[in-house]
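So you can see what is in the structure, the chains are spelled out below.
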Amino acid sequence: MMNAIQNCTVLSNGVKMPWLGLGVWKMKDDGETEAAVSAALQAGYRAIDTAAVYGNEQGVGAAVNGSGIARDQIFVTTKVWNTDQGYDTSLRAFDESMKRLDMDYVDLLLIHWPVKGKYKETWRALEQIYRDGRARAIGVSNFHIHHLQDLMASSDLVPMVNQVEYHPLLTQEELMAFCATNKIQPTAWSPLMQGNLDVPLLAEIGAKHSKSAAQVVLRWDLQNGVVTIPKSTNPSRLKENSEVFDFQLSAEEMAQISALNRNQRFGADPDNFNF
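Residues numbered from 1 in each chain as written. Predicted model: local features only at pLDDT ≥ 70, side-chain atom pairs only at ≥ 80, totals over all residues. Heavy atoms only, no water.

(A) Geometry of the pattern of salt bridges. Scanning the model with the defined rule gives eleven salt bridges in all. In this structure, E57 engages R100 in a salt bridge whose closest nitrogen and oxygen atoms are separated by 2.7 Å. With E57 in helix α2 (residues 57–65) and R100 in helix α3 (residues 87–101), this residue pair connects regions lying 43 residues apart in the sequence. With relative accessibility at 2%, the residue E57 sits in the buried group. The shortest N-O distance in the salt bridge between D107 and R71 comes to 2.9 Å. Linking D107 in the loop between α3 and β6 (108–111) with R71 in the loop between α2 and β5 (75–80), this pair joins segments that are 36 residues apart in sequence. For D107, a relative accessible area of 1% gives the class buried. Here the salt bridges do not stand alone but share partners, grouping R71, D107 and R136 into one network. (Salt bridge = Lys/Arg side-chain N within 4 Å of Asp/Glu carboxyl O. Helix = DSSP H or I, 4+ residues; strand = E, 2+ residues; numbered from the N terminus. Buried < 20%, exposed > 50% of the residue type's maximum accessible area, 1.4 Å probe, protein only.)

This is the structure:
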């Protein structure tokens, strides 16, 4: 069921992860992040996605720890950055993230990008962190099928999550199918196409449901079984993004939106990223 913001998917290890969360990419750690996360938590969000490279883990931690909400009711994700990859360096980087977050554990720890020659050792570090109980789940971000296959061929654990760029102009259907087959939960970053929502079909479908184009896209994500983490610092937009559990897109509407695919990226291609 997806009829409330607290609804969760269940990861392969049994951990519950909310379908909708707040992404904090590009938010400043000068009070902006803490204020946005606090507003999101007050609006009912229970998942926050940050990363070491965002430079705002401290703001996330301050908001979560000062929210008055039990820590086990909030799902916190962070990521190991490219320059920290490798076994020992990833372990040290995680320790630093934990200090900034001021937490004993995170709910999900991801490898941020598949740095060639390093991501396997980084994954080994994540497995150790998971075994130590300092991350309730571990996964990857921006991994193509060939990266996943390479990692899985020599690891003890299959990634529980793969966070990738995903939206109506980049549906990545083969990757989604691979993740489904291997019980890897996909998560969408930049689900709102970095604001490029001026698509007539989205407005048309939105009008039928009295919803915005952004709400239509977020609902399309959810009905495709993809966790989504839109970013916003605006309290009214945070609220709008959360109001996607009171309507349902028809099978025809879902197909029409998926047919918008152009394999268009607004972010980097993992095979051509400047690591």
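(B) Focus on the state of the cysteines. Under the criterion given, the structure shown has zero disulfides. No disulfide involves C8; its sulfur sits 19 Å from the nearest other cysteine sulfur, which is in C179. Taking relative accessible area as the criterion, C8 reaches 32% and is therefore assigned partly exposed. Residue C179 is classed as buried on the basis of its relative accessible area, which comes to 1%. (Disulfide = S-S within 2.5 Å.)

(C) How the structure looks around α2. Every buried residue belonging to α2 is among E57, G59, V60, G61, A63 and V64, and all of these are buried. Those residues of α2 that are buried lie in contact with α1 (32–42), β4 (47–49), β5 and α3. (Contact = heavy atoms within 4.5 Å.)

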